[in-house]
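Structure at a glance
As a plain string of letters, each chain reads:
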Amino acid sequence: MSQDNLIDGKALSGIIREEIRVEAEKIKEERGRSPKLVAVIVGENPASQSYVRGKVRACDAAAFNSETIKLPDSTSEEALIEVVLKLNTDESVDGFIVQLPLPDHINSDNIIMAIDPKKDVDGFHPVNFGKMAQGLPAFLPATPFGIITMLERYGVETSGKQCVVLGRSNIVGTPISILMSRKAKVGNATVTLTHSRTKNLKEELRRADIIIAAIGIPNFVTEDMVKDGVVVIDVGINRVEDSSRKSGYKLVGDVDFEPVRNKASLITPVPGGVGPMTVCSLLWNTLLAAKGSIYK
Ligand code: GUN
């Protein structure tokens, strides 16, 4: 396969963010204020802090207002719910997210359930999830939304294709498997959702026209598991030790990139693939919230 087979999520997200910025400027003119996103973060998880910083930077670049609410690790579930309820009714806030994972003493389901679906720009609330599953207008979760946007903008035909999803998380594997199978422009695929109990995983993967890997195991998908011409979407962002770097680590995906790239017709790199698209989807959802496009 040619080496010209990268899906450049960083470049694509730059293009879409510029489209979002233009829309945000229009909203600002019409209603006198920019769309506003608030991110709530509890504790000191370095990866979460880095993601939230990225989201806030993206807001600044897109002419959005943003705010980060940082709470200590010791915050109780009740106190966090109080913060969520305040944001639900704060009219200056169009959408907000509570960064996951939360400390072990907080039940994240209870937090997600407390978020008003109209402001749930992560698309994690069961109301948004249920609407998505039924093909109704809903905030789509950011990573799956980013993936379908990439497939659409790169003109990947999904109809009638065999799509194998690796991993059944609530925020990636399960929703992307629903989106890929629904009747829509990007969709109509025959989807197999695989997980830790799947038998003959290699055979399943070798049948796939499209692989979406979201299991969080570095370099899990190897060259012998994929067929020639496969389209590979790598959602994994795994830190592996690398003493040659100042940080002491490097980021790798769930896919053994170079060897699989040689067989793929299209593949996303890590970093620079799905990650930047995720942030872009969050901004897009916030824009939809500000415009009242999903909920009036
Ligand atoms: N943790 C990892 N990904 C996400 C995400 O998309 N949203 C939130 N809130 N937390 C996350």
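Shown above is the structure to which this text applies.
Every chain begins its residue count from 1, and numbering advances along the sequence as written. Per-residue local features are limited, in this predicted model, to residues with pLDDT of at least 70; the limit for side-chain atom pairs, both in listing and counting, is 80 or more; totals at the level of whole chains, interfaces and linings are taken over all residues. Side-chain metrics rest on all non-hydrogen atoms present in the structure, leaving aside hydrogens and water.

Judged by pairing direction, the sheet is parallel, and its three strands sit side by side in the order 2-1-3 without closing on themselves. A strand with exactly one partner marks an edge of an open sheet, and here the two such strands are strand 2 (65–71) and strand 3 (95–98). Going from strand to strand, the sheet's axes swing by 15° on average, the running direction of each strand aside. Here the rule is simple: two strands pair whenever DSSP picks up at least two bridges between them. Secondary structure elements follow DSSP: runs of H or I no shorter than four residues count as helices, runs of E no shorter than two count as strands, and numbering proceeds from the N terminus. Angles here are taken between N-to-C directions and fall from 0 to 180 degrees, while the axes themselves are lines fitted to C-alpha atoms, restricted in helices to the stretch in contact.

Another point: the side chain of Thr286. In this structure, Thr286 sits in helix 10 (residues 274–291). In the analysis that follows, any N or O atom pair within 3.5 Å is treated as a polar contact, provided that within protein one partner can donate a hydrogen and the other can accept it, and provided that, for residues neighboring in sequence, both atoms belong to side chains. Within the local environment of Thr286, its side chain forms a polar contact with the backbone oxygen of Leu282, the two atoms lying 2.8 Å apart. Residue contacts are counted whenever heavy atoms from the two residues lie within 4.5 Å of one another. The contact partners of Thr286, leaving out residues within four places of it in the chain, are Pro35, Lys36, Leu37, Phe64, Asp94 and Val121.

As a matter of local geometry, the ligand sits amid Lys55, Val98, Gln99, Leu100, Asp122 and Phe124. Note that a nitrogen atom of the ligand is positioned 3.2 Å from one of the side-chain N or O atoms of Gln99. In isolation the ligand offers 280 Å² of accessible surface; the protein chains occlude 82% of this area. Looking at the shell around the ligand residue by residue, the classes come out as three nonpolar, one polar and two charged. Being near a molecule or strand, for a residue, comes down to having at least one heavy atom within 4 Å of it. Per-residue and other accessible areas follow the Shrake-Rupley method at a 1.4 Å probe size, with only the shown protein chains counted as cover for residues. Polar here means any residue other than Ala, Val, Leu, Ile, Met, Phe, Trp, Tyr, Cys and Pro, which are nonpolar, and Asp, Glu, Lys and Arg, which are charged; Gly is therefore polar.

In a regular helix each residue adds 1.5 Å, so 18 residues correspond to 26 Å; helix 10 covers 26 Å between its end C-alpha atoms and thus fits that length. Taking burial as the measure, the 18 residues of helix 10 include 15 buried ones, the bulk of the element. Trailing helix 10 by a residue or two, Gly292 shows a phi angle of about 70°, which is positive. To estimate how far a helix should extend, the number of its residues minus one is multiplied by 1.5 Å. Each residue is assigned to one of three classes by its accessible area relative to the maximum for its type, calculated with a 1.4 Å probe on protein chains only: buried under 20%, partly exposed between the two thresholds, exposed over 50%.

Aromatic pairs are defined between Phe, Tyr and Trp rings, using the six-membered ring for Trp, whenever the two ring centres lie within 6.5 Å; interplanar angles under 30 degrees are classed as stacked, those over 60 as edge-to-face, and all others as tilted. For the structure shown, the criterion picks out one aromatic pair. With a centroid separation of 5.9 Å and an interplanar angle of 45°, the aromatic rings of Phe139 and Tyr295 are classed as tilted. With Phe139 in the loop between helix 5 (126–133) and helix 6 (142–153) and Tyr295 in the segment after helix 10, this residue pair connects regions lying 156 residues apart in the sequence. Judged by its relative accessible area of 1%, Phe139 is buried. Look at Tyr295 and you get buried, because its relative accessible area is 14%.

Moving on, we get to the pattern of salt bridges. Only one rule defines a salt bridge in this text: a Lys or Arg side-chain nitrogen within 4 Å of an Asp or Glu carboxyl oxygen. Tallied over the entire structure, the rule returns 13 salt bridges. Notably, a salt bridge pairs Arg21 with Glu18, separated by 2.7 Å at the nearest N-O pair. In this pair, Arg21 and Glu18 are both assigned in helix 1 (residues 9–31), three residues apart and thus about one turn of the helix distant. The partly exposed category is assigned to Glu18, whose relative accessible area is 38%. Here Glu67 ties to Lys36 by a salt bridge, and the two come within 3.0 Å at their closest N and O atoms. You can see Glu67 sitting in strand 2 and its partner Lys36 sitting in strand 1 (residues 36–42), a full 31 residues away along the chain.

Looking now at the nonpolar core. Buried Ala, Val, Leu, Ile, Met, Phe, Trp, Tyr and Cys residues that are joined via side-chain atoms within 4.5 Å together make up what is termed a nonpolar core. Counting 53 residues, the largest nonpolar core has Met180 and Ile212 as the members making the most contacts within it. Among all residues touching Ile212, those that are not within four sequence positions of it are Ile147, Cys163, Val164, Val165, Leu166, Ile176, Met180, Ile233 and Val235. One finds Ile69, Leu80, Leu87 and Ala114 within the second-largest nonpolar core, a separate group that totals 17 residues.

With that settled, consider a nonpolar patch on the surface. On the surface, Tyr51, Ile237 and Leu251 cluster together into a nonpolar patch covering about 230 Å² of accessible area. Tracing the sequence through the fold places Tyr51 in helix 2 (residues 46–61). Accessibility expressed as a relative area gives 36% for Tyr51, which makes it partly exposed. Patch membership requires over 30% relative accessible area and the absence of a salt bridge. Like charges are linked within 9 Å, and nonpolar side chains (Val, Leu, Ile, Met, Phe, Trp, Tyr) within 5 Å.

This next bit is on helix 6. Under the 1.5 Å per step criterion, the end-to-end length of helix 6 is 16 Å for twelve residues, consistent within 8% with the ideal 16 Å. Along helix 6, ten of the twelve residues are buried, which leaves the element largely enclosed by surrounding structure. For helix 6, the secondary structure elements touched by its buried residues are helix 1, helix 7 (173–181), strand 6 (210–213), strand 7 (231–234) and helix 10. Once helix 6 finishes, Gly155 follows within two positions and takes phi at roughly 65°, a positive value.

A cis amide bond links Leu100 to the next residue, Pro101, at an omega of 0°. Within the secondary structure, Pro101 sits in the loop between strand 3 and helix 4 (108–114). Here the bond from Val270 into Pro271 is cis, since omega is 0°, no more than 30 degrees from zero. One non-glycine residue with positive phi stands out, namely Asn188, at about 55°. Along the chain, Asn188 turns up in the loop between helix 7 and strand 5 (190–194). Judged by its relative accessible area of 33%, Asn188 is partly exposed. Of note, the phi angle at Asn200 is positive, near 55°, even though the residue is not glycine. Inspection of the secondary structure assignment puts Asn200 in the loop between strand 5 and helix 8 (201–206). Take Asn200: its relative accessible area is 55%, and that puts it in the exposed class.

None of this, on its own, says anything about what the molecule does.
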